[in-house]
Amino acid sequence: MFKTLQKAWAQTLMVLTLLAWAWPAAAQDFRSPDILVLGDSQISFGSGPVFVDFLSDIATSCDASMREKRKLKKLGEMQVGVIGVRSTSVHSWVARKGAAKGSICDVDPKWKVNAGTYGIVNKTENQFKQMGQGRNYQFCEAGMSPFEAMFRDGYYAPKLLVMSFLGNAARRWADDPSLAVADVKRLAQHVPADIPCVFMTTAPAHTMKVSKLRMKAQENIKAAFAKTGNRCVFVEGITAETSEVFKSTPVYFRRNAAGRVKDPYHPNERGARQHLKMRGPALCDAIFTALDGKKPRS
């Protein structure tokens with residue numbers, strides 16, 4: 001009898017252990033960020049810490065009025081989480097299968113990690129993580145988009161979502177405005193309607209040729225939000241002013257020993273801070289509009 005009970009208890013423990021591993025985010029303690037920032041590789045190369053600093057104290061960063069400070073109370077303690085996944089954009093986060101979803105969920109063959117993560121979602125000394133691994137990154141469930149997995153019951157429930165994408169969809173959106181519309185429609189279907197949302201395009205490249213393509217893509221994705229009802233408040237990350245500054249300032253990018261820019265696509269942290277200094281006021285206005293629940297004018 002005792003051996004039978006021992007066996008039954010051992011089997012129960014094994015089942016419970018398997019369930020915990022199969023659903024780590026639900027089985028372990030998890031705290032959703034109050035503010036969640038999602039973006040691409042610009043997060044990993046420089047803007048991740050900048051977003052954490054800026055959004056952790058929005059009232060100061062935005063020089064908020066008393067009325068605006070009251071709006072910010074909706075965000076609670078304003079714990080910020082920032083996740084930037086390599087070559088991704090909106091179409092990656094709404095895909096339920098295929099290469100687009102794979103850009104988030106496939107293990108990087110060389111580095112074994114594919115994202116830079118900051119703030120409350122990463123308390124370790126290593127900023128680089130692999131999506132799908134670890135309780136904070138369970139976005140890779142079969143038959144679900146990363147957004148659907150992220151926002152399932154009991155998991156991520158931010159009080160403000162800020163997205164920062166552009167470069168990896170630049171050609172897609174610039175060449176075919178209908179794809180921009182399709183991406184925005186699916187975004188609205190996959191992100192819960194009660195989450196205030198801001199969409200800010202990323203910083204300019206160092207070369208005008210690249211920036212011009214991205215400006216065309218920005219024009220089309222902005223129009224797509226307006227055409228489909230402005231699910232997210234839109235902020236232009238690329239303007240004539242930011243393009244000129246980033247074109248003429250090599251120190252905002254990684255350089256080689258001779259001082260020449262070796263990566264014109266990803267501003268370093270210094271560049272990211274300058275970008276948010278320039279576009280911060282527009283981001284602040286967008287956040288307050290989103291928290292108001294108002295739709296911006298087309």
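Quick caveat: nothing in here was measured; it's all calculated off a predicted structure.

Caption draft 1: Quick look at the sheet that holds strand S5 (residues 160-164). The sheet built from seven strands is open, its strands ordered S4-S3-S2-S1-S5-S6-S7 with mixed pairing. Here the strands that pair on one side only, and so sit at the sheet edges, are strand S4 (128-129) and strand S7 (233-235). Of the strand pairs in this sheet, strand S1 (residues 35-39) and strand S2 (residues 80-85) are connected by five bridges, and their pairing is parallel. Bridging from a neighbouring strand, Gly39 pairs with Gly84 of S2.

Caption draft 2: Highlighting the packing of helix H3 (residues 41-56) against helix H13 (residues 269-292). Contact geometry for H3 and H13: axes closest at 9 Å, N-to-C directions at 45°. Accordingly, the angle class assigned to the pair H3 and H13 is oblique. H13 is crossed by H3, and the crossing has right-handed handedness. Note on element contacts: H13 touches H3 through Glu269, Ala272, Arg273, Leu276, Gly280, Leu283, Cys284 and Ile287, opposite Phe45, Gly46, Ser47, Pro49, Val50, Phe51, Asp53, Phe54 and Leu55.

Caption draft 3: Representation of the pairing of S2. For S2, the tally of buried residues reaches six of six residues, placing the bulk of the element in the interior. Every second residue of S2 is oriented toward a common face, with Val80, Val82 and Gly84 on one face and Gly81, Ile83 and Val85 on the other, all of them buried. Here five bridges tie S2 to strand S3 (residues 115-119), and the two strands are oriented antiparallel to one another. Its bridge partner lying in S3, Gly81 is registered against Gly119.

Caption draft 4: Summary view of helix H11 (residues 208-227). Here H11 spans 28 Å end to end across 20 residues, near enough to the 28 Å set by a 1.5 Å rise per residue. Every buried residue of H11 is listed here: Val210, Ser211, Arg214, Ala217, Gln218, Asn220, Ile221, Ala224 and Phe225. Lining the buried residues of H11 we find H3, helix H9 (170-175), helix H10 (177-190), strand S6 (197-200), S7 and helix H12 (240-247).

Caption draft 5: Region of interest: H13. Of all the bends found along H13, the most pronounced is centred on Arg279 and spans about 60°, while Pro281, a proline, follows it within four residues. Sitting at the amino-terminal end of H13 is Asn268, which places a side-chain oxygen 3.2 Å from the backbone nitrogen of Arg270.

Caption draft 6: Quick look at the environment of Asp53. Turning to its location among the elements, Asp53 is positioned in helix H3. When the C-alpha atoms of Asp53 and Gly119 are compared, they prove to be 9.1 Å apart, with 66 residues separating the residues in sequence. Sequence-distant contacts of Asp53, defined by excluding residues within four places in its chain, comprise Ser61 and Arg273.

Caption draft 7: Looking closely at the packing of aromatic side chains. Applying the stated criterion across every chain, the model contains 14 aromatic pairs. Their ring planes at 55° and their centres at 5.9 Å tell us that Trp93 and Phe139 sit as a pair that is tilted. Of this pair, Trp93 sits in helix H6 (residues 90-93) while Phe139 sits in the loop between S4 and helix H8 (146-150), and the two are 46 residues apart along the sequence. Arranged with centres 4.9 Å apart and planes meeting at 85°, the rings of Tyr155 and Tyr156 form a pair that is edge-to-face. Under the relative-accessibility criterion, Tyr156 is labelled buried at 3%. Members of the aromatic cluster, connected to one another through ring pairs, are Phe30, Trp93, Phe139, Phe147, Phe151, Tyr155 and Tyr156.

Reading the values: the criteria
Residues numbered from 1 in each chain as written. Predicted model: local features only at pLDDT ≥ 70, side-chain atom pairs only at ≥ 80, totals over all residues. Heavy atoms only, no water. Pairing = 2+ DSSP bridges. Helix = DSSP H or I, 4+ residues; strand = E, 2+ residues; numbered from the N terminus. Axes fitted to C-alpha atoms, helices over the stretch in contact; angles between N-to-C directions. Parallel < 35°, antiparallel > 145°, perpendicular 65-115°, else oblique. Left-handed = near helix turned anticlockwise from the far one by under 90°. Contact = heavy atoms within 4.5 Å. Buried < 20%, exposed > 50% of the residue type's maximum accessible area, 1.4 Å probe, protein only. Expected span 1.5 Å × (residues − 1). Bend = angle between axes of the 7 residues up to and from the residue. Polar contact = N/O pair within 3.5 Å; in protein donor to acceptor, adjacent residues only side chain to side chain. Phe/Tyr/Trp six-rings, centres within 6.5 Å; stacked < 30°, edge-to-face > 60°.

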